[in-house]
Structures are given as C-alpha cells and as structure tokens.
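Examining the three-dimensional arrangement
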Amino acid sequence: MSINKFPFSAQRIISILWPSFLTAGLATILFFTAFDPQLIVAVSGFGEVSRLGGYSIGFFLFWLLTASSCSLTCFFQRPCPNATE
Amino acid sequence: MDKPVLQDDQDSGFYAKHKKVYPREVHGLFASLRVIGVTVLLGFYYFVPWMYWNGKQAVLFDLPNRRFYIFDWTFWPQDFFYLAILLIIAAVALFFFTALAGRVWCGYACPQTAWTEVFLWIERKVEGSRNKQIKLDKAPLTRYKLSRKVLKHFIWISFSAWTGFTFVAYFTPVDQLASSIWNLTLGPWEWFWIVFYSFATYGNAGWMREQVCIYMCPYARFQSAMFDNNTLVISYDSVRGEPRGSRKKGIDPKSKNLGACVDCTLCVQVCPTGIDIRQGLQYQCIGCAACVDVCNEVMDKMGYSKNLVKYTTLNALDNIKTNVFRPRVVVYFVLLIALTSGLLYSMATRIPLELDVVRDRNALYRTTPLGYIENIYTLKIANKDLQDHTYVITMTAPFKSTFILRDKQVKVSANLTTNVSARIQADPVDIKAMSEKIEFQIVSINNPELNTTAKAVFLGPKPK
Ligand code: SF4
Ligand code: SF4
C-alpha cells in the first residue's frame, strides 16, 4: 500500500493528526466537565493559569496523547520484517 | 442486502496533489433550498452572539466561569447530563434523516458545505465564472491575475477572521471581546482560538473543500451503513439516458439510437466533489443535487422530460415500491420523539437550585462536653437561578435532635454557591441506631416553588 511507501506523506500526517484531534476534543470536554482546571493547577503547583488557559493546555496534552497512540497504530501497521522474509 | 456500490479511496493525490475542482454555478430548486439553508444557518451563527436577553448575552458558554447561559437557563458542569442527552438526540436525528433521505445533512446543512458555498460565491464574484477561473489559473502571472488573487484571499481571510471572532464570542462575552481586541488587551488564549478557528475556516472552505468530505469527515465514511434500498439517493437513470451522445435540438433521439443524455457534461462541471454521477452511486457524492438542477435545465432546453438525474431510491430504480415507514425509520423516529420530549420535560420542570451535603471528614461524630452526640455537615447550596435568593434551611430526623446553624437564612447570589456549616446534636438515649437517616430541606423565601432536599446520615455510638 502506498501508505508505507511515503512515511511522511501528507495523508499519513493528517491521518494521525485529525482523528486524534477529534478524540482529544471529546476527552477535553468530558474531563473538564468533571474537573475544574484551576483546581488541578492549584494542586499541582504550576502557578497561575487562567481557566481558559487550563482548558487549552489540557486540550493540547490530550491531543499529544491521542496523536501518539495514532502514530503508534500507524507505525505498527507496517508489515513486520520477519513475517515477510 | 444490495448496498450501494461505493468506490474505494482513489490512491492518487490523497490530500496533497489533486485536481482542483471548479464547481460551476447552478440555479434551480435544490440550489435555492441550499442557499436558504446556508443563509439561515450562517445567519444564526453570526447573529446569535450579539443577541441579548434580560440585559445579558442570550447564548454564552462561559468556559472561564464554568457556566452555560442559554436564555433564562443556566447550566453548571453538574448539568452535563443535558448536554449528553442533547448529543444523543443529535446522533439519533442524524441516523433518522440519513436512513430516510440520505445525505441531506451534507447537501444543505453541514458547516463545511455552508462555508464552502460562501467561499465559492466570493471566488465567483472576484474571479468570474468557472471557465474564467480555469483560464485565470492557467494564465501566466500578470498584474491582473495577481490583483484578483490578492483580492480573493483578502476577502476570504477577512471573512474567516470574522468567523473566528464569532466563534470565540460564544465563549467570551462579545462586548468584552470586541473592546479588548480594540484596546489590544485580549488574552493570549483568546487570540489563539480566534486565529485557530479563522485558519481552519480559511483552510477548509478555501483550500480543502471537497477533500474534507471525502477524506476527513467521519460521517461520510459511516453513513453508508445507515443506507438501505429505500433511502433517497441521487441517481442517473441510465436506462433512459444511455447511450449518451450529443445531438442537435429537435432531433428524435431514437432515430439516432441515442438515449436522453446529451453528454453535455454539465452535471460533472457543477459537482462540488468533481465526480460523474453517471458512473453510478459513489461515496464521494454529498447529495447536493447540483447535478439534478443542472440536468433538469438541460432537459428543459432539449424539450425532454425532466429527472434524468433525480432523487430516487435504489428500490425505485429496480421498479420495486419504495417503503418509507420501514422498521428502522420508525424506531429512530420513536426514539427521537421520546428523547426530545423527555429533555424538554426535564428542562421545563428543572429547579434551579441544588443542595449537596458533605459530612465532616475528620470524625464520625463527636461528644460535646455536655454529653451530646454531635455530627458536623457542610451544606453546599448552588443557586442556579439568574436572581439572588435567600433560603431557609430546615432538617428532619427520626429522633429528638437540635439543629444548629449560624444563620437560619442564607443569601446566595445568582449563579453562585455558598457553603454553610451545620451541626446536629442529640442525646445518646434518643438515638436508636448507629446510623440514622436524616434529611435537609431548603426553600427560597421569595419563591417557595424553589425548594429541594438532600439526604444524609447521622452517626453515633452503639445504642445501649
Ligand atoms: S447534465 Fe444531464 S444531459 Fe448533461 S451530461 Fe449530465 S446527465 Fe447528461
Ligand atoms: S454527484 Fe451530484 S449530488 Fe453528488 S455531489 Fe456531485 S453534484 Fe452533488
């Protein structure tokens, strides 16, 4: 499949960034409905962050997490070298 | 089951290289419907943040203060339930309409369609018709071309910026937002989201367009699972149309052994996703009916009967009667009505007041110097109303007890919570069990209808 010929094709990058964006958005909504970012920041002692900043940082952390798992999926999708020998 | 034949992703030019689609302008019944849909939806989108209700922004998702205001309602994070139900309703509605009428959402109501439509309109106003656009893109860079392109992108970007501003205005009070942009005192995160949303609009509606539908939209990928042979689809009547071929007007097609399709390719030129509907149902087709409108125009001109390309069902194409009220449609419909009425009912009877009781965590109970058993509680009163209220707190217990509050009446400002510390004391001889159920009641003085209760337990030593 062409997906493996171009490890950094636009298709591949978007297929990592886009689904992770969607799931990160969902996770952000659910998480911050239950937890107030200001309380979390206060507990973790990172100093002052506005709530909006808290949501945004939370969103990007979630995105980082979901994007990593999408990249791993992409990575493991490659045929295993031993199996093809 | 005979599923519509869906083409696989074409490998060529995924996202990156692809042939630019220049959709031709189209007029007709469905185009008018789409213009109405787009105008109404985008009109709402740009107008709603400016709407005021009882002196406040009518719709405001105040994330910084964790409150959602929708007219007279205020929603707190605890009310997430409503949002969840709303999302479920939206999903069921999507199932219902898809099963019934196919991709009507895509063709008439999707934001991607709406904003692309606006961007196409701007493009046409600046660069001219489809043919002129193609010519302009092929032409070498001249001052004229440069001026057209700069103008187009300038308008696109301004419109996107307005869109991004509007988006953030749903989350930050609009007057505050406008004035802090004007005074350059806007916070970095607000800036970030305005730019982000503007950029997304510009990219999606200006550059990506049909590729969003084809490659990025999750709904486009799974909608075929909701289709059946009775779902409305757009289809070309190949029995009537073929063999296609050009001809002069007024010639009887039968004499030339031709079908009704004059092979003018207008249906391909108007298609926003750049496909040829005559090749059969394709997964790229967003059901916009532009090809229906344009082909009807052609058929009119030729003096043929309309609907060579039309809304139809797979059953109708096979000469089987279309069944509108099939089980899945009925089930979706019943579900939709039940959920919607349930939500409306619970919103209408919702009491904007909440009482939570938290027991003192340090001790199960304590014995006062006079030998009474004492339990300590924190009452969290959430006033979700838009007005301040003064509440009276009472308590009932199945044993003789003294209820001690610093103030019997508590004033809670609109949309705020107040914690009240309460103590209950009882003589050990009156207590029948180690754990007794008690109940707190709270009622607003100005409006007795605003009342609620909360249960708790009173703990004590083992009764002798
Ligand atoms: S618009 Fe109608 S007549 Fe023209 S090519 Fe398409 S199907 Fe044939
Ligand atoms: S084939 Fe017709 S209905 Fe489908 S996207 Fe193209 S113009 Fe719209």
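**Quick look at the overall build of chain B**
Tallying secondary structure elements over chain B gives 15 helices and 16 strands in all. Over its C-alpha atoms chain B spans a radius of gyration of 32 Å, topping by over 25% the 23 Å that the globule rule assigns to 464 residues. The C-alpha extent of chain B, read off along each of the three principal axes, is 110 × 60 × 40 Å. With 464 residues in all, chain B has 45% of them scored as buried. Taking the contacts inside chain B whose residues are at least 6 apart along the sequence as the reference set, 69% of them involve residues at least 24 apart. About 25200 Å² of surface is accessible on chain B, with carbon and sulfur atoms providing 63% of the total. A distance of 5 Å separates the average location of the 53 positive side-chain charges in chain B from that of its 37 negative side-chain charges.

**With respect to the overall build of chain A**
Scanning chain A from terminus to terminus reveals five helices and zero strands. Taken from the N to the C terminus, the helices and strands of chain A come in the order α-α-α-α-α. With 85 residues in all, chain A has 32% of them scored as buried. In chain A, of all internal contacts separated by at least 6 residues, the share reaching a separation of at least 24 is 65%. Carbon and sulfur atoms make up 74% of the accessible area of chain A, which totals about 5600 Å².

**Side note on the nonpolar core**
Looking at soluble globular proteins, one finds that nonpolar side chains tend to be buried together. Residue and element names in this part refer to chain B. I234, I277, C291, V292, L308 and V309 are the most contacted members of the largest nonpolar core, which totals 34 residues. Among the secondary structure elements, those contributing two or more residues to this core are α1 (29-47), α3 (104-109), β6 (233-236), α12 (266-270) and α13 (290-302). Top element by residues in this core is α13. It accounts for eight residues. Discounting chain neighbours no more than four positions away, the residues touching V309 are I234, S235, Y236, I277, C291, V292, C295 and N296.

**Structural notes on the interface of chain A and chain B**
Across the contact, 24 residues belong to chain A and 17 residues belong to chain B. Both faces considered, chain A and chain B share a buried interface measuring about 1800 Å² in area, 74% of it formed by carbon and sulfur atoms. The largest share of the area that chain A buries against chain B comes from Q11(A), T33(A) and L52(A), three residues that together contribute 29% of it. Inspection of the chain A/chain B interface yields zero salt bridges. Linking chain A with chain B are six residue pairs in polar contact (both at pLDDT 80 or more). Broken down by secondary-structure element, the contributors of at least two residues to the side of chain A that touches chain B are α2 (10-34) and α4 (51-76) of chain A. In terms of residue class, the side of chain A that touches chain B is built from 16 nonpolar, six polar and two charged.

**Regarding the site of ligand 2**
Of all residues adjacent to ligand 2, which total 13 residues, the nearest are C271(B), C285(B), C288(B), A289(B) and C291(B). Grouping the amino acids of the shell around ligand 2 by side-chain chemistry returns 11 nonpolar, two polar and no charged.

**Brief notes about the confidence of the model for chain B**
All names here are of chain B. Put simply, chain B has an average pLDDT of 88, and 96% of its residues get 70 or more. The low-confidence segment residues 1-16, where pLDDT is below 50, has 36 contacts with residues more than four positions distant or belonging to other chains. Reported confidence for the predicted complex is 0.75 by ipTM and 0.81 by pTM.

**With respect to helix α4 (residues 111-127) of chain B**
Residue and element names in this part refer to chain B. Counted at 1.5 Å a residue, the expected span for α4 with its 17 residues is 24 Å, and the 24 Å between its end C-alpha atoms agrees. Extensive coverage of α4 is indicated by the burial of 13 of its 17 residues. One or two steps after α4, the chain reaches G128, where phi turns positive at roughly 90°.

**Some details on unusual backbone geometry**
Residues and elements named next belong to chain B. Backbone torsion omega between E242 and P243 reads -10°, so that peptide bond is classified as cis. Tracing the backbone through its elements, the reader meets P243 in the loop between α11 (238-241) and α12. Positive phi is not limited to glycine here, since N307 has a value of about 70°. Considering the arrangement of structural elements, one finds N307 in the loop between α13 and β7 (309-312).

**Some words on the environment of A348(B)**
All names here are of chain B. Counting through the fold element by element, A348 comes out in helix α15 (residues 327-348). Judged by its relative accessible area of 64%, A348 is exposed. In the structure, A348 is positioned 275 residues away from W73 in sequence and 10.0 Å away in space, judged by C-alpha atoms.

**Overview of the sheet that holds strand β5 (residues 73-75) of chain B**
Residues and elements named next belong to chain B. Spatially, the three strands line up as an open sheet ordered β3-β4-β5, and their pairing is antiparallel. At either end of the open sheet lies a strand with only one pairing partner, and these are β3 (59-62) and β5. On average, each strand axis in the sheet is tilted by 10° relative to the strand beside it, whichever way the strands run. Note that strand β4 (residues 67-70) and β5 share three bridges and pair antiparallel. Bridge pairing in β5 links I70 to W73.

**Digging into the side chain of H153(B)**
As for its position among the elements, H153(B) is in helix α6 (residues 143-169). Apart from residues no more than four positions distant in its own chain, H153(B) is found in contact with Y202(B) and W207(B).

**Looking at the packing of α6(B) against helix α7 (residues 174-182) of chain B**
Residues and elements named next belong to chain B. Between α6 and α7, whose axes approach to 9 Å, the crossing angle comes to 135°. Considering the angle they form, α6 stands oblique to α7. As for how α6 packs across α7, the hand of that crossing is right-handed. Where α6 abuts α7, its residues F165, V168 and A169 lie against V174, L177, A178 and I181. Tallied by class, residues from the contact of α6 with α7 come to seven nonpolar, no polar and no charged.

Analysis parameters
Residues numbered from 1 in each chain as written. Chains lettered and ligands numbered in written order. Predicted model: local features only at pLDDT ≥ 70, side-chain atom pairs only at ≥ 80, totals over all residues. Heavy atoms only, no water. Helix = DSSP H or I, 4+ residues; strand = E, 2+ residues; numbered from the N terminus. Rg over C-alpha atoms; globule rule 2.2 N^0.38 Å. Buried < 20%, exposed > 50% of the residue type's maximum accessible area, 1.4 Å probe, protein only. Contact = heavy atoms within 4.5 Å. Areas by Shrake-Rupley, 256 points an atom, 1.4 Å probe, with all protein chains shown as cover. Lys, Arg positive; Asp, Glu negative; His and termini not counted. Charge placed at Lys NZ, Arg CZ, Asp CG, Glu CD. Core = buried A, V, L, I, M, F, W, Y, C linked by side-chain atoms within 4.5 Å. Buried area = accessible area lost by both parts, 1.4 Å probe. Salt bridge = Lys/Arg side-chain N within 4 Å of Asp/Glu carboxyl O. Polar contact = N/O pair within 3.5 Å; in protein donor to acceptor, adjacent residues only side chain to side chain. Nonpolar A, V, L, I, M, F, W, Y, C, P; charged D, E, K, R; others polar. Near = heavy atom within 4 Å. pLDDT = per-residue confidence, 0-100. Expected span 1.5 Å × (residues − 1). Pairing = 2+ DSSP bridges. Axes fitted to C-alpha atoms, helices over the stretch in contact; angles between N-to-C directions. Parallel < 35°, antiparallel > 145°, perpendicular 65-115°, else oblique. Left-handed = near helix turned anticlockwise from the far one by under 90°.

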